[in-house]
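A closer look at the structure
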Amino acid sequence: VALAAITFRQPHILVLDEPSNHLDLQTVEALGKALLEFEGGIVIASHDRRLLQEVCKDFYAVHQQKLQKTNLADFVKTVKSASKIRG
């Protein structure tokens, strides 16, 4: 009964893990539009930079075991640098 009750309420936060995987371009665009219209909070883990740039206002990354606010461009540079160091 409790599970049924929570499914009828409007969510206040969405947690999405790679939401654009296996979607065509039109569907990703529709997803982006729907996420922009969503009035709650959204946590997205995605490799789709276009979707992230369209939808996200703030970016956070775990670096050296700490959660840090960043921007997408700096995060990408950090990841590329780390992958070159690792070989």
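Residues numbered from 1 in each chain as written. Predicted model: local features only at pLDDT ≥ 70, side-chain atom pairs only at ≥ 80, totals over all residues. Heavy atoms only, no water.

Some thoughts on the nonpolar core
Which entries qualify depends on this criterion: As used in this record, nonpolar core signifies buried Ala, Val, Leu, Ile, Met, Phe, Trp, Tyr and Cys residues forming a set joined through side-chain atoms within 4.5 Å. Accessibility here uses a 1.4 Å probe with only protein chains present; expressed as a share of the type maximum, an area under 20% marks a residue as buried, one over 50% as exposed, and anything in between as partly exposed. Numbered from the N terminus, helices here are DSSP runs of H or I no shorter than four residues, and strands are runs of E no shorter than two. Contacts are assigned to residue pairs that have any heavy atoms within 4.5 Å of one another.
In this structure, Leu35, Ile44, Leu51, Leu52, Val55, Phe59, Leu72 and Val76 together form the largest nonpolar core, which totals eight residues. Breaking this core down by element, the ones donating at least two residues are α3 (49-55) and α4 (72-86). Among the elements that take part in this core, α3 stands out by supplying three residues, more than any other. Sequence-distant contacts of isoleucine 44, that is, excluding residues within four places in its chain, are made with Leu16, Pro19, Leu35, Leu52, Val55 and Cys56.

Overview of the pairing of strand β4 (residues 66-70)
Under the convention used in this document: Two strands pair under a simple rule: DSSP has to find at least two bridges between them.
Counted residue by residue, β4 has zero buried out of five residues, so it is predominantly exposed. Where strand β3 (residues 59-63) and β4 come together, five bridges link them in antiparallel fashion. Bridging across to β4, alanine 61 finds its partner in glutamine 68. Linking β3 to β4, which pair antiparallel, is a turn of two residues; within it glutamine 64 sits at a positive phi near 55°.

Focus: the side chain of glutamate 18
The condition is simple: Neither His nor the chain ends contribute to the count of charged residues, in which Lys and Arg are positive and Asp and Glu negative. Salt bridge, as used here, is a side-chain nitrogen of Lys or Arg placed within 4 Å of a carboxyl oxygen of Asp or Glu. Counted as a polar contact is a pair of N or O atoms within 3.5 Å, where, for protein atoms, one must be capable of donating a hydrogen and the other of accepting one, and residues adjacent in sequence contribute only when both atoms are in side chains.
With respect to the helices and strands, glutamate 18 occurs in the loop between β1 (13-17) and α2 (25-37). For the buried glutamate 18, no salt bridge exists, and the shortest N-O distance to an oppositely charged side chain is 11 Å, to arginine 49. A polar contact is formed between the side chain of glutamate 18 and the side chain of histidine 47, at a distance of 2.5 Å. The residues contacting glutamate 18, other than those within four sequence positions of it, are Ala45, Ser46 and His47.

Examining the side chain of serine 46
Turning to its location among the elements, serine 46 is positioned in the loop between β2 (41-45) and α3. Looking at serine 46, the relative accessible area reads 15%, which means it is buried. Of note is the side chain of serine 46, whose polar atom sits 2.9 Å from the backbone nitrogen of aspartate 48. Residue contacts for serine 46: discarding those within four places in its chain leaves Glu18, Pro19, Ser20 and Leu52.

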